[in-house]
Amino acid sequence: MTNYLVVTAMGADRPGIISKLARIASDCDCDIVDSRMALFGNEFTLIMMLSGPWSAITKFESSFPQLSVGLELMTVMKRTSKHTAQHFVSRLEITFNGKDQRGTMKRLTQFLDERSLDLAALRSHAEGTDEESTCEQTQTVILTINIPPKVELEKLEASIQELAADMSLNCSIRRMLDIEHPELND
């Protein structure tokens, strides 16, 4: 039976961290089935999911703390199970961009929550010059949402465009998966 462990780590960015994490997973007979890494400021961040028999997962859980102390990483581990996919008829990738403004993420996620939409992925990035400059910062927010069968796709897309206009953001919507209209898929 395959078992799963989610591992998160954060610490100062320096060469070799990923190599050491991959090595300990391999040495403990775990497979890395999914992983994401990003840099925020000077901080390295990682989330990964490992799989293996309980003996391998337990070995990793007991070995990893010593490595994380040596690498000066803050870590969290949690046992989990394999993801069970829900039934969705479509997936949209929505890109918002425009002037960086406080509350954007709150309004976008509230919009999804009010419609019980499943947020599959979220990326947000602000760029521009520092606060002392006269240039405005711009922001880009990319949401990937799963659409359940009960949602009318055209009405949802119109509502998203209205929200973007109300927030003075540019918006593009890409259908990544459309079961009812397969000709629209990538």
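Let me begin by describing the structure that accompanies this report.

What counts as what
Residues numbered from 1 in each chain as written. Predicted model: local features only at pLDDT ≥ 70, side-chain atom pairs only at ≥ 80, totals over all residues. Heavy atoms only, no water. Salt bridge = Lys/Arg side-chain N within 4 Å of Asp/Glu carboxyl O. Buried < 20%, exposed > 50% of the residue type's maximum accessible area, 1.4 Å probe, protein only. Pairing = 2+ DSSP bridges. Helix = DSSP H or I, 4+ residues; strand = E, 2+ residues; numbered from the N terminus. Arc of directions from axis to C-beta. Contact = heavy atoms within 4.5 Å. Disulfide = S-S within 2.5 Å.

## Looking at the pattern of salt bridges
Inference 1: Inspection of every chain in the model, using the stated rule, returns eight salt bridges.
Inference 2: One salt bridge connects R36 with D34, and the closest N-O pair in it is separated by 3.5 Å.
Inference 3: With relative accessibility at 55%, the residue R36 sits in the exposed group.
Inference 4: Notably, a salt bridge pairs R107 with D166, separated by 2.5 Å at the nearest N-O pair.

## Some remarks on the pairing of strand 2 (residues 31–40)
Inference 1: Relative to strand 3 (residues 43–52), strand 2 is paired through nine bridges, and the arrangement is antiparallel. What sits directly across from S35, in strand 3, is M48.
Inference 2: Counting the residues between successive antiparallel strands, the hairpin from strand 2 to strand 3 contains two residues, one of them, G41, with a positive phi of roughly 65°.

## Description of helix 1 (residues 17–27)
Inference 1: Every buried residue belonging to helix 1 is among I17, L21, I24 and A25, and all of these are buried. Buried residues in helix 1, looked at end-on, bunch into an arc of 100°, giving them a common side.
Inference 2: On the buried face of helix 1, the contacting elements are strand 1 (3–12), strand 2, strand 3 and helix 2 (54–70).
Inference 3: Two residues or fewer past helix 1, D29 is found with a positive phi of approximately 65°.

## With respect to the environment of A164
Inference 1: Within the secondary structure, A164 sits in helix 4 (residues 153–166).
Inference 2: Along the sequence, A164 and N97 sit 67 residues apart, while their C-alpha atoms lie 9.0 Å from each other.
Inference 3: Ignoring anything within four residues of it in the chain, the contact list for A164 reads F96, L169 and C171.

## Description of the pairing of strand 1
Inference 1: Direction of pairing for strand 1 relative to strand 3: antiparallel, over a ladder of ten bridges. Within the sheet, the bridge partner assigned to V6 lies in strand 3 and is M49.
Inference 2: Of the strand pairs in this sheet, strand 1 and strand 4 (residues 74–80) are connected by seven bridges, and their pairing is antiparallel. Bridge pairing in strand 4 links L5 to R79.

## A look at the state of the cysteines
Throughout this description, disulfide means a covalent bond between two cysteine sulfur atoms.
Inference 1: All chains considered together, the criterion is met by zero disulfides.
Inference 2: You can see C30 has no disulfide; the closest cysteine sulfur is in C28, sitting 5.8 Å from it.
Inference 3: Assessed through its relative accessible area of 6%, C30 is described here as buried.

## Observations regarding unusual backbone geometry
Inference 1: The residue E72 is not glycine, and still its phi comes out positive at about 55°.
Inference 2: Here E72 is to be found in the loop between helix 2 and strand 4.
Inference 3: Judged by relative accessible area, which is 60%, E72 ranks as exposed.
Inference 4: Here S168, not a glycine, exhibits a phi torsion of approximately 60°, which is positive.
Inference 5: Relative to the assigned elements, S168 resides in the loop between helix 4 and strand 8 (170–178).

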